[in-house]
Amino acid sequence: MFIQDACKEGFIACIERKCVFSGNAGNQDVLLIRFRRFSKERNHIFMKKKIQNQVTTVGFVALGCPKNIVDSEVMLAQIGQAGFVLSGDPDRADVVVINTCGFIAPAKAEAISAIRQAVNQKRRGHIRKVVVAGCLSERMGEALRQEVKGIDAIVGLDQRDRIAEIVAACLEGRSLRREASVPEIHDDRGRLLITPAHWAYLRISEGCDRKCSFCTIPSIRGRFRSKPMEMVLDEARELVENGAVELSLIAQDSNYYGRDLKLENGLVKLIGEMEKLESLRWIRLMYLYPSGVDDALLEAMAKSDKVVHYADIPVQHINNRILKCMRRADTKEKNLHLIERLRTRMPDVVLRTTMIVGYPGETEAEFEELLEFVRWAQFDALGCFPFFAEPGTPAAELADQLPDKVKHKRADRLMQTQQEIVFAKMDNWKGKELTVLVDDNDSDGAVGRHYGQAPHIDSVCLLAPCDAPPGTFINARVTGRDGYDFEVETR
Ligand code: SF4
């Protein structure tokens, strides 16, 4: 009995945080799955499976962004389908697979630390083999073995679908030859979800054709490739049939979708088709490149019953000299106009953005211009990174790098400014009536999200304990806030 078959046959009704599901899959097979989330950034997925007394355990550590989470979900399904027992303790498994992120220095540091931990456990005799996959494997390749001694296999992004074969080869002491990465579209159907069953990520494309001077993604993930629309829709159907009521569309550059397929208004066409999925209630668009948000997309978002009025538009900076230096296609004027257009067309739109401060040569006046823009734009959510000079990127070669102290101080000032904006905006939500999707519910209370809160990255709605199980929509009213989270009461 494979995990996917078990899922289809209803042995796992749904997969929730901190929940255990079990089912009897015949006389000999017993399947037990346990999911526990330790933090938003770092998920350890534990699974135990006993098949006819053959037990080879695999621990899995999933790091990184939603795109990497999708890869982890595919690998988990494949490892499970191959008959391995996923371990409840990644510090004591026969094999540990670490799916890494290598986007910027802190992500690399987190990945290296997880690999070191696994290798140390191997030295102590608690783990037999350590397998490293994901973006950092792709970015560093064999150099990773020099950085951390004791890795048994380095799995490139192109080898994702061979993970079970690689794990088996490792255990047999064989090594599989690393193949050069070929830009191709992976089929993500048949995943074992890390997320709860009622929401999931839906990756619509891979790679990026932009040339942002600070970014490593095109060199790691390759050129932009859209998934064929039928493949995306098929996957969406599969997720909805398995209980998803909310799908977050993800990509490196979502509104570029379809251009390589010669599809005009590809994203608009895709969401038009997705709206036909009856049980799907919320479609969320993540990673909209600002200059790519055209009137057709705005119109489609505004008119849709299912696309939530939420826009994640990473502007990165606002000063025109810096934007040009970053090789962004946007200008200050275009970004200001976009925010006005979004709010005119959807007065209830919730806006999220990301920014980089301390870009090489950023003057105090240019940073002040960014602060002034933030005060004007009144974003509902904002992520800010101090600039990281990533090796191999053009921005890392620039002469006028700023000291870390300046970059971090500017990041703190920006976030302080944003905090005042967000708290004031949240106070204005008091008394509003909302539809809330319940994510979690136990004796301590329930947690959910309204349309303007994306899973994992945004704040949440805090509810008193209620009867609504995870995955249900309830009517609620905002009564106050607890930090960045809304306090709401059910109606
Ligand atoms: S659009 Fe995003 S992923 Fe693409 S190069 Fe720019 S920052 Fe990187």
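In case you missed it, the structure is sitting above this.
Residues numbered from 1 in each chain as written. Predicted model: local features only at pLDDT ≥ 70, side-chain atom pairs only at ≥ 80, totals over all residues.

## Things to note about the overall build of the chain
- Each helix and strand in the chain was counted, giving 14 helices and 21 strands.
- Counting over 491 residues, the chain shows a buried share of 43%. (Helix = DSSP H or I, 4+ residues; strand = E, 2+ residues; numbered from the N terminus. Buried ≥ 20, exposed ≤ 12 C-beta atoms within 10 Å, placed from the backbone.)

## Describing the sheet that holds strand 16 (residues 381-386)
- The sheet built from three strands is open, its strands ordered 14-15-16 with parallel pairing. Across the chains shown, the open sheet's two edge strands, defined by having one partner strand only, are strand 14 (310-312) and strand 16. Strand after strand, the sheet turns through a mean of 10° between neighbouring axes, direction not considered.
- Sheet topology note: the strand 14/strand 15 (residues 350-357) ladder contains three bridges and is parallel. Among the inter-strand pairings, A311 is bridged to a residue of strand 15, identified as L351. (Pairing = 2+ DSSP bridges. Axes fitted to C-alpha atoms, helices over the stretch in contact; angles between N-to-C directions.)

## So, unusual backbone geometry
- Unusually for a residue other than glycine, Q316 sits at a positive phi of about 70°.
- Relative to the helices and strands, Q316 resides in the loop between strand 14 and helix 11 (320-325).
- Judged by local crowding, Q316 falls into the buried class, with 22 C-beta atoms found within 10 Å.
- Unusually for a residue other than glycine, Q378 sits at a positive phi of about 55°.
- As for its position among the elements, Q378 is in the loop between helix 13 (364-377) and strand 16.
- Of the residues examined, Q378 has 14 C-beta atoms within 10 Å and is grouped as partly exposed.

## Points about the sheet that holds strand 21 (residues 485-490)
- On the basis of which strands lie adjacent, the closed barrel formed by five strands has the order 17-18-19-21-20 and mixed pairing. Direction aside, the axes of adjacent strands within the sheet are offset by 50° on average.
- Relative to strand 21, strand 19 (residues 461-463) runs parallel, the two sharing two bridges. Opposite C461, over in strand 21, you have F486 as the bridge partner.

## With respect to the site of the ligand
- All residues adjacent to the ligand are C208, R210, C212, C215, I217, P218, Q252, D253 and Y289.
- The class makeup of the residues in the shell around the ligand is six nonpolar, one polar and two charged. (Near = placed C-beta within 6 Å. Nonpolar A, V, L, I, M, F, W, Y, C, P; charged D, E, K, R; others polar.)

## As for the pairing of strand 4 (residues 57-63)
- In terms of burial, strand 4 is largely enclosed, as seven of its seven residues are buried.
- With burial as the criterion, each face of strand 4 is covered, one bearing T57, G59, V61 and L63 and the other bearing V58, F60 and A62.
- Across two bridges, strand 4 lies against strand 5 (residues 85-86) in parallel orientation. Directly across from V58, in strand 5, lies its bridge partner L86.

## Looking at helix 13
- Counted at 1.5 Å a residue, the expected span for helix 13 with its 14 residues is 20 Å, and the 20 Å between its end C-alpha atoms agrees.
- Those residues of helix 13 that fall on the buried side of the exposure criterion are F367, L370, V374 and A377. For helix 13, the buried positions fall inside an angular range of 85° around the axis, keeping them on one side. Summarising the geometry of helix 13, the exposed residues directed more than 90 degrees from the buried face are E364, A365, E372, R375 and W376.
- Elements that come into contact with the buried residues of helix 13 comprise helix 12 (332-345), strand 15, strand 16 and helix 14 (404-428).
- Of the residues one or two after helix 13, Q378 is the one with positive phi, at around 55°. (Expected span 1.5 Å × (residues − 1). Arc of directions from axis to C-beta. Contact = placed C-beta atoms within 7 Å.)

## Topic: the packing of helix 13 against helix 14
- Packing of helix 13 against helix 14 leaves a shortest axis separation of 10 Å and a crossing angle of 15°. In terms of orientation, helix 13 lies roughly parallel with respect to helix 14. The element helix 13 and its partner helix 14 pack so that their crossing is right-handed. For the pair helix 13 and helix 14, contact is made by F367, L370, L371, V374 and R375 and by R410, R413, L414, T417, Q418 and I421, respectively.
- By residue class, the composition of the contact of helix 13 with helix 14 is six nonpolar, two polar and three charged. (Parallel < 35°, antiparallel > 145°, perpendicular 65-115°, else oblique. Left-handed = near helix turned anticlockwise from the far one by under 90°.)

## Some remarks on the nonpolar core
- V58, V97, V131, V167 and L202 are the most contacted members of the largest nonpolar core, which totals 113 residues.
- Top element by residues in this core is helix 2 (residues 66-81). It accounts for seven residues.
- Formed jointly, this core draws a minimum of three residues from each of two domains, domain 1 (3-171) and domain 2 (199-428).
- Residues in contact with V97, not counting those within four places in the same chain, are V58, F60, M75, V131, A133, I163 and V167.
- If you look at the next biggest cluster of nonpolar residues, it comprises twelve residues, including V438, V460, V478 and F486. (Core = buried A, V, L, I, M, F, W, Y, C linked by C-beta atoms within 7 Å. Domains from an automatic or database assignment.)

## Brief notes about the environment of L462
- Examined against the element boundaries, L462 turns out to sit in strand 19.
- For the pair formed by L462 and D485, sequence separation is 23 residues and the distance between their alpha carbons is 6.8 Å.
- What L462 contacts, discounting residues up to four positions off in sequence, is G445, V447, D482, D485, F486, E487 and V488.

## Describing the pairing of strand 20 (residues 473-482)
- Alignment of strand 17 (residues 433-442) against strand 20, held across five bridges, turns out to be antiparallel. Directly across from V436, in strand 20, lies its bridge partner I474.
- Across six bridges, strand 20 lies against strand 21 in antiparallel orientation. Following the sheet pairing, A476 is matched in strand 21 by T490.
- Hairpin remark: strand 20 followed by strand 21, antiparallel, with two residues in the connecting loop; positive phi at G483, about 65°.

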